[in-house]
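Structural characterization, general
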Amino acid sequence: MSSIKVQPVIMAGGSGTRLWPLSRAGYPKQFLVLAGNESLFQQAARRLAELAAPGIAAAAPLIVGNEEHRFLLLDQLRETAIEPGAALLEPCGRNTAPAVTLAALAALEDGTDPVLVVTPADQTVTDPAAFKKAMQDAVRQAADGAIVILGITPERPETGYGYIRASADASGLAVAAFVEKPDLATAEAYLASGDYFWNAGMFVLRASVWIAALGQFRPDILETTRAAWAARTTDAKFIRPGKKEFAAVPAESIDYAVMERCPGSPFPLRMVPLAAGWNDLGAWEAVWLVADKDADGNAAFGDAIIKASKNTLVHATSRLVSVVGLEDVVVVETPDAVLVTDRARSQEVKAIVNQLHASQRGELDLPRKVHRPWGWYDSIDHGERFQVKRIMVKPGASLSLQMHHHRAEHWIVVSGTAEVTNGEQVLLISENQSTYIPLGEKHRLRNPGKVPLEIIEVQSGSYLGEDDIVRFDDTYGRS
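Residues numbered from 1 in each chain as written. Predicted model: local features only at pLDDT ≥ 70, side-chain atom pairs only at ≥ 80, totals over all residues. Heavy atoms only, no water.

1. Focus on helix H1 (residues 40–49)
Of all the 10 residues making up H1, eight are buried; the element is thus mostly covered by neighbouring parts of the structure. Taken residue by residue, H1 has Leu40, Phe41, Gln42, Gln43, Ala44, Ala45, Arg47 and Leu48 as its buried positions. Contact partners of the buried residues in H1: strand E1 (4–11), strand E3 (62–66), helix H2 (70–80), strand E5 (115–120), strand E6 (124–125) and helix H4 (128–143). (Buried < 20%, exposed > 50% of the residue type's maximum accessible area, 1.4 Å probe, protein only. Helix = DSSP H or I, 4+ residues; strand = E, 2+ residues; numbered from the N terminus. Contact = heavy atoms within 4.5 Å.)

2. Some thoughts on the sheet that holds strand E19 (residues 329–334)
Strand order across the open sheet formed by four strands is E15-E17-E19-E20, with mixed pairing between neighbours. The open sheet is flanked by strand E15 (299–301) and strand E20 (337–342), the only strands paired with a single partner. Neighbour-to-neighbour, the strand axes of the sheet open up by a mean angle of 5°, direction not taken into account. Pairing of strand E17 (residues 313–316) with E19 involves four bridges; the strand directions are parallel. Looking at the pairing, Leu313 lines up with Val330 of E19. (Pairing = 2+ DSSP bridges. Axes fitted to C-alpha atoms, helices over the stretch in contact; angles between N-to-C directions.)

3. Let's talk about the pairing of E5
For E5, the buried fraction is high: six of the six residues fall into the buried class. Because side chains alternate across E5, one face comprises the buried residues Val115, Val117 and Thr119, and the other comprises Leu116, Val118 and Pro120, equally buried. Note that E1 and E5 share six bridges and pair parallel. Each residue of the ladder has a partner; that of Val6, found in E5, is Val115.

4. Things to note about the pattern of salt bridges
Scanning all chains against the criterion turns up 28 salt bridges. Arg343 is the partner of Asp328 in a salt bridge, and the nearest nitrogen-oxygen pair spans 2.8 Å. With Asp328 in the loop between strand E18 (321–324) and E19 and Arg343 in the loop between E20 and helix H11 (349–359), this pair connects stretches of sequence that are 15 residues apart. One network of salt bridges, in which partners are shared, links Glu67, Arg70, Asp235 and Arg240. (Salt bridge = Lys/Arg side-chain N within 4 Å of Asp/Glu carboxyl O.)

5. Re the confidence of the model for the chain
This prediction gives the chain a mean pLDDT of 92; 99% of its residues lie at or above 70. Ranking the elements of the chain by mean pLDDT puts strand E21 (residues 369–372) last, at 82, and E18 first, at 98. (pLDDT = per-residue confidence, 0-100.)

6. A closer look at the sheet that holds strand E28 (residues 434–437)
Strands sit in the order E21-E22-E23-E30-E25-E28 across an open sheet of six strands; the sheet is antiparallel. Where the open sheet ends on each side, the last strands, each with one partner, are E21 and E28. When strand polarity is set aside, the average angle formed by the axes of neighbouring strands in this sheet is 20°. Where strand E25 (residues 407–415) and E28 come together, four bridges link them in antiparallel fashion. In the strand pairing of E28, Glu409 is matched with Ile437.

7. What to know about the nonpolar core
One finds Phe41, Leu150, Met202, Val204 and Trp284 to be the most contacted residues of the largest nonpolar core, which totals 72 residues. Looking at this core, the element that brings in the most residues is H4, giving seven residues. With residues up to four places along the chain from it excluded, the contact list for Leu150 reads Ala134, Met135, Ala138, Ile164, Trp198, Ala200, Met202, Val204, Met271, Val272 and Leu274. (Core = buried A, V, L, I, M, F, W, Y, C linked by side-chain atoms within 4.5 Å.)

8. Remarks on the packing of helix H6 (residues 207–217) against helix H7 (residues 219–230)
Two elements in contact, H6 and H7, have axes whose closest approach is 5 Å; the angle formed by their N-to-C orientations is 120°. When the axis of H6 is compared with that of H7, the two are oblique. Note on element contacts: H7 touches H6 through Pro219, Ile221, Leu222 and Arg226, opposite Ile211, Leu214, Gly215, Gln216 and Phe217. Here the contact of H6 with H7 is composed, by residue class, of six nonpolar, two polar and one charged. (Parallel < 35°, antiparallel > 145°, perpendicular 65-115°, else oblique. Nonpolar A, V, L, I, M, F, W, Y, C, P; charged D, E, K, R; others polar.)

9. Examining the packing of aromatic side chains
Centre-to-centre distance and the angle between the planes together describe a pair of aromatic rings. Overall, the coordinates contain nine aromatic pairs when judged by the stated rule. Measuring from ring centre to ring centre gives 5.7 Å for Phe31 and Phe41, while their planes differ by 70°; the resulting arrangement is edge-to-face. Here Phe41 lies in helix H1 and Phe31 lies in the loop between E1 and H1, a separation of 10 residues in the sequence. Using a relative accessible area of 0% as the deciding quantity, one classes Phe41 as buried. Note on Tyr163 and Tyr190: the rings are 5.1 Å apart at their centroids and 55° apart in plane angle, and the pair reads as tilted. Of the two residues, Tyr163 sits in strand E8 (residues 163–169) while Tyr190 sits in helix H5 (residues 184–193), which places them 27 residues apart along the sequence. Relative accessible area serves as the criterion here: at 2%, Tyr163 is assigned to the buried category. The buried category is assigned to Tyr190, whose relative accessible area is 12%. (Phe/Tyr/Trp six-rings, centres within 6.5 Å; stacked < 30°, edge-to-face > 60°.)

10. Things to note about unusual backbone geometry
Backbone torsion omega between Trp20 and Pro21 reads 10°, so that peptide bond is classified as cis. Residue position: Pro21 is located in the loop between E1 and H1. Notably, Ala236 is not glycine yet its phi reads approximately 55°, a positive angle. Here Ala236 shows up in the loop between strand E11 (233–235) and strand E12 (238–240).

11. Looking at the pairing of strand E30 (residues 453–461)
Working note: regular strand, side chains alternate between the two faces of the sheet. For strand E23 (residues 386–393) and E30, the ladder comprises eight bridges, and the chain directions are antiparallel. Following the sheet pairing, Phe386 is matched in E30 by Ser460. Relative to E30, E25 runs antiparallel, the two being bridged by eight bridges. Bridge pairing in E30 places Trp411 opposite Glu457.

12. Digging into the environment of Ser318
With respect to the helices and strands, Ser318 occurs in the loop between E17 and E18. Each C-alpha atom, one on Ser318 and one on Ala213, is 49 Å from the other, the two residues being 105 residues apart in sequence. Look past the residues within four positions of Ser318 in its chain and what remains in contact with it is Glu333, Thr334 and Pro335. Reaching out from Ser318, the side chain makes a polar contact with the side chain of Glu333 at a distance of 2.4 Å. (Polar contact = N/O pair within 3.5 Å; in protein donor to acceptor, adjacent residues only side chain to side chain.)

This is the structure:
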């Protein structure tokens, strides 16, 4: 008997707004280490890498993500030694239905019809063996033409999740209905009945079945996504759908576009229960739930001291955070923002994010430490007409050849060796040496060594924004 070909698909385009201020648009929650020793994205990749079994052959994962996160995706996969099949880069967010459609079209390119295993990149699972078993069961059902959804066995009357109502039949469990987020009394009734499961947003189905179902229920999404796929460009592992064409795709979720329309349709919708210690870490309350706690129910991350407190979460990233006499509270500290909230109301953090968006505040998009394909920079200090950054450049990496209209720069090497292009000069600068880049001069910073290069950059001038960069040559394809 031939093996079932499986194509894992990791949906990595979310923004994680309810985990602000740690999660930002430029570095969202799926790339954060919130449980365990790896990021949520890395954990998802490892789980899917273990799907193979007798009769099941798993391909390298397809990643569907944001264009802005492309190097972050590959860097984090490189740390796990997992090689992606491709990274499908969305030029703008269009929700999950178009994202899955891109993955299905990519999976069908070689003439096969694999089973897609679609999972979000921002969830945790504490029992990988139970996850693997349930997913393999779903794969076998999907190979016969079913659309299979993973339903999480509920552990509490949760009001923050959508639910699935399932009914037993001769073949297992059929999905009878989808239910929106309930109030507490309804959630308690769901838990008591045993017929309801949390909707985890994990789906298993053949690529052709997704295309057929979407063509029946939302042909507009299918046709516009096909047009964007036809206009794609490819650069190594990166596949970019046509930017203009993808912007015309209607934004819709998998649930609304297809899944909720399947009951009673020609597309059989099945459910496999998953009891594997699942959590989607959708808000700080969920982070507290999965964290290690002391005898009083307190969870601490980073340099934190908690006294005379109960059931409280403190997450410190850059300095000592001390709390006394708190109960059911979340405190999150980052170098440029602090959040304090009632733990039970942590879902409402999104309202803060909405206000930041309306005010066009910089704390919405980027943390103080910003990751780039060549390394990172940390904005240490700033004032009128000056800014100080700490910059790390990876071995062998370089910044673009660039110039600035409004600022000059001083570079001091802290560790490693810098190769500096400064106008017509190219020179090597070692630890404790420095150089000056005049306003308007073409320049480049490169690390020719085997160890990370760290410098302190002092910018001075009339305008210090990141958009005052004119690039002449760039390894990473930026303009």
